Structures are given as C-alpha cells and as structure tokens.
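Examination of the molecular architecture
For reference, the chains in residue letters:
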Amino acid sequence: MKFDDVVFHPKRFAILTVLFLFKEMTEGDLAKAVGISWGSLSTHLKRLEEEGYIERRKAITMRGVRTVVKITEFGYSKYREEVEKLRRVLEDLNRNV
C-alpha cells in the first residue's frame, strides 16, 4: 500500500486535517491552528494548491484583505482516502500484536 507523499508530509497533513474539519480559514488562522511559521505555511500551501488539494482566494474582512484557504473536493476525497489507508494499517498492526 502506497501513501500519497503530498498528503503524508507532517505539516501538510496537519494543514489538510484542519481544513478537513473547518473547510476554510484565513492563512493567519491556519498558521496559528497548525503552529507553523508563515514561510513554512506558504511553501506547503503552494504545493497543496499546485496539486489541487486546496484553493486560495482574497477576501475582504473586518480586519482588511485576507487570503482564505479552502480544501477542494479533490483534496477532501484524497484526505479521506489516505486516512482510510492509515486506519487499515493501524488495524493490521493491532491484530498482529
């Protein structure tokens, strides 16, 4: 069983997990939720966007213009698929213990 390298990088997995739960949030809120720096967040969001897992758009908020990050349908389904693979691996490990 092969895991998706894009999803299973620890920081990208954390980003996708937060977006899976909340659907969308600003880059600033996402950086705080995941606990990573702006530079690291930017790098990982770029990769996720290039692969079609997320979309970014500008939005006007009470605090000014912000970039909102949203998980795509593709990202949502790929995340669920990868988590299901992980669940099966863990179940197999538990059976063999």
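Described below are features of the structure shown in this document. This structure is a prediction, so every number in the text was calculated from the model and none was measured.

Topic: the nonpolar core
- Among the nonpolar cores identified, the biggest contains 20 residues, and I15, L16, L19, L30 and I54 are the most heavily contacted of them.
- Per element, the largest residue contribution to this core is five residues, and it comes from helix 1 (residues 10-22).
- Once residues within four sequence positions are removed from consideration, L30 is found in contact with I15, V18, L19, M25, L41, L45 and V69.

Considerations on the pairing of strand 3 (residues 64-71)
- Inspection of the sheet shows strand 1 (residues 24-26) paired to strand 3 by three bridges, in the antiparallel sense. In the sheet register, T26 faces strand 3, and the bridge partner there is V68.
- Where strand 2 (residues 54-61) lies against strand 3, eight bridges are found, and the strand directions are antiparallel. The residue of strand 3 that forms the bridge with T61 is G64.
- What sits between strand 2 and strand 3 in their antiparallel hairpin is a turn of two residues.

Concerning the packing of aromatic side chains
- Considering all chains together, one arrives at six aromatic pairs under this definition.
- Centre to centre, the rings of F3 and F8 are 4.8 Å apart; their planes meet at 65°, and the pair counts as edge-to-face.
- Take F8: its relative accessible area is 26%, and that puts it in the partly exposed class.
- Ring geometry for F20 and Y76: centres 4.6 Å apart, planes at 15°, overall stacked. Here F20, found in helix 1, pairs with Y76, found in helix 4 (residues 73-95); they are 56 residues apart in sequence, far enough to count as distant.
- Assessed through its relative accessible area of 18%, F20 is described here as buried.
- On the basis of relative accessible area, Y76 is assigned to the partly exposed category, the value being 26%.
- Here the aromatic cluster, defined as three or more aromatic residues joined through ring pairs, consists of F3, F8, F13, F20, Y76 and Y79.

Criteria and thresholds
Residue positions are given per chain, counting from 1 as you read along its sequence in written order. With the structure being a predicted model, the display of local features is reserved for residues of pLDDT at least 70 and the display and counting of side-chain atom pairs for 80 or more, all residues being used for whole-chain, interface and lining totals. In computing side-chain properties, one takes all heavy atoms of the structure into account and sets aside hydrogens as well as water. Buried Ala, Val, Leu, Ile, Met, Phe, Trp, Tyr and Cys residues form a nonpolar core when they are joined through side-chain atoms within 4.5 Å. Here the term buried applies to any residue with accessible area under 20% of the maximum for its type, exposed to any over 50%, and partly exposed to those in between, with areas from a 1.4 Å probe on protein chains only. Secondary structure elements follow DSSP: runs of H or I no shorter than four residues count as helices, runs of E no shorter than two count as strands, and numbering proceeds from the N terminus. Any two residues having at least one pair of non-hydrogen atoms within 4.5 Å are treated as being in contact. Paired strands are those between which DSSP finds at least two bridges. In this scheme Phe, Tyr and Trp rings, the latter by its six-membered ring, pair at centre separations within 6.5 Å, and the angle between planes marks the pair as stacked below 30 degrees, edge-to-face above 60, and tilted otherwise.

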